[in-house]
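# Architecture at a glance
Below, each chain spelled out in residue letters.
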Amino acid sequence: ILFLVWGNSHGSVLLGLGICCLDLLRNYLTYRKPSTLLWAAASIILPLFNPSGIGIYTLFFEISGHTDFIGEWQSYPTDSLQFLTLLVFAGASLAGLCRLPFDIFSAVKISVLLILAFQSSRNAIVAAIFITPCLSTWYRQITLAILGRFEKATGLCISLVIIMNIANCALANPYLRLELD
């Protein structure tokens with residue numbers, strides 16, 4: 001149902017579909033349940049029920065070369081606080097990924113999300129939303145020590161998402177823009 005709604009409301013459904021299918025493939029290879037393949041097929045087919053049909057999957061590639069005038073599709077300037085925040089976030093993500101037993105699916109998912117995050121500011125927010133729960137799991141001990149009595153590392157997750165949103169707003173609003181000299 002999520003992909004049916006997403007396919008009718010936003011062109012970034014392809015990104016979500018890629019992440020979902022990676023997780024479904026991991027589950028299938030781990031548990032060998034045929035129902036996982038049915039979920040993957042449904043996730044691929046449902047977004048097609050929209051006015052653009054198959055165009056929902058090609059939209060991203062069709063407009064990606066013509067977005068010079070859209071601020072949210074621009075990458076963060078390398079001398080900005082947003083870019084520095086993204087670098088710290090990427091470093092923490094890659095370091096956390098190296099701490100775990102290696103998981104090819106997580107490595108691919110996080111690598112793709114980070115590459116997309118550096119390509120456009122809108123993708124940085126998406127990457128923060130998907131990767132932050134992983135960070136809170138990887139750095140649970142450190143997070144709990146920093147946050148004190150919180151049972152879960154929710155505060156860190158929310159803080160990272162808020163920082164990325166503030167950075168995105170600052171990039172879009174010249175009155176809030178922060179630049180590093």
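Heads up: the structure comes first, above all this text.
The rules behind the values
- Per chain, the residues get numbers from 1 upward, laid out in the order the sequence is written.
- Local features in a predicted model are, by the rule used here, given only for residues with pLDDT of at least 70; side-chain atom pairs are given and counted only at 80 or more, and totals for whole chains, interfaces and linings are based on all residues.
- Side-chain measures here rest on the full set of heavy atoms in the structure, leaving out hydrogens and waters.
- Under the DSSP-based scheme used, a helix requires at least four consecutive residues in state H or I and a strand at least two consecutive residues in state E, with every element numbered from the N terminus.
- Only the protein chains shown count as covering a residue, and every accessible area follows the Shrake-Rupley method with a 1.4 Å probe.
- A 1.4 Å probe rolled over the protein chains alone gives each residue an accessible area, and that area as a share of the maximum for its type sets the label: buried under 20%, exposed over 50%, partly exposed in between.
- We call two residues in contact whenever any of their non-hydrogen atoms come within 4.5 Å of each other.
- Ring pairs are drawn from Phe, Tyr and Trp, using the six-membered ring of Trp, whenever the two centres fall within 6.5 Å, and their geometry is named by plane angle: stacked under 30 degrees, edge-to-face over 60, tilted for the rest.
- Distance and chemistry together define a polar contact, namely a pair of N or O atoms within 3.5 Å, with one atom able to donate a hydrogen and the other to accept it when in protein, and with adjacent residues in sequence counting only for side-chain atoms on both sides.
- Between the first and last residue of a helix there are one fewer steps than residues, each counted as 1.5 Å, and that sum is the expected span.
- What the arc covers is the set of directions going from the helix axis to the C-beta atoms.

## Quick look at the overall build of the protein
When its secondary structure is counted, the protein shows nine helices and zero strands. For the protein, the sequential pattern of α-helices and β-strands runs α-α-α-α-α-α-α-α-α. Accessible surface for the protein amounts to roughly 11100 Å². Of this, 69% is attributable to carbon and sulfur atoms.

## Focus: the environment of L86
Inspection of the secondary structure puts L86 in helix α5 (residues 81-99). Under the relative-accessibility criterion, L86 is labelled buried at 1%. For L86, the residues in contact, after removing those within four places along its chain, are Y76, A117, F118, A124 and M164.

## Some words on the environment of V161
Mapping V161 onto the fold places it in helix α9 (residues 154-172). Judged by its relative accessible area of 22%, V161 is partly exposed. Distance in space between the C-alpha atoms of V161 and I129 is 6.4 Å, their sequence separation being 32 residues. With near-sequence residues (within four places) excluded, V161 lies in contact with A128 and T132.

## Structural notes on the side chain of K109
With respect to the helices and strands, the residue K109 is situated in helix α6 (residues 104-119). Judged by relative accessible area, which is 16%, K109 ranks as buried. Those residues in contact with K109 that sit more than four places away from it in its chain are I19, L22, D23 and R26.

## Looking at the environment of T58
Counting through the fold element by element, T58 comes out in helix α4 (residues 55-63). Classification of T58 as partly exposed rests on a relative accessible area of 31%. On a C-alpha basis, the gap between T58 and L14 in space is 8.8 Å, while along the polypeptide they are 44 residues apart.

## A few points about the packing of aromatic side chains
Evaluation of the coordinates by the stated rule reveals one aromatic pair. An angle of 70° between the planes, with centres 5.7 Å apart, marks the rings of F83 and F118 as edge-to-face. Pair noted here: F83 is in helix α5 and F118 is in helix α6, with a separation of 35 residues, a long-range link. Owing to a relative accessible area of 18%, F83 belongs among the buried residues under this scheme.

## Quick notes on the side chain of N123
Take N123: it is sitting in helix α7 (residues 121-138). Of note is the side chain of N123, whose polar atom sits 3.3 Å from the backbone oxygen of L116. Contacts of N123, omitting those with residues within four sequence positions, involve L116 and A117.

## Focus: helix α3 (residues 34-45)
End to end, α3 covers 17 Å across twelve residues, agreeing with the expected 16 Å (1.5 Å per residue, within 8%). All of the buried residues in α3 are T36, A40 and S43. End-on, the buried residues of α3 take up no more than an arc of 65°, which puts them together on one face. Looking at α3, the residues exposed on the side facing more than 90 degrees away from the buried face are P34 and L38.

Read these as spatial facts, not as claims about activity.
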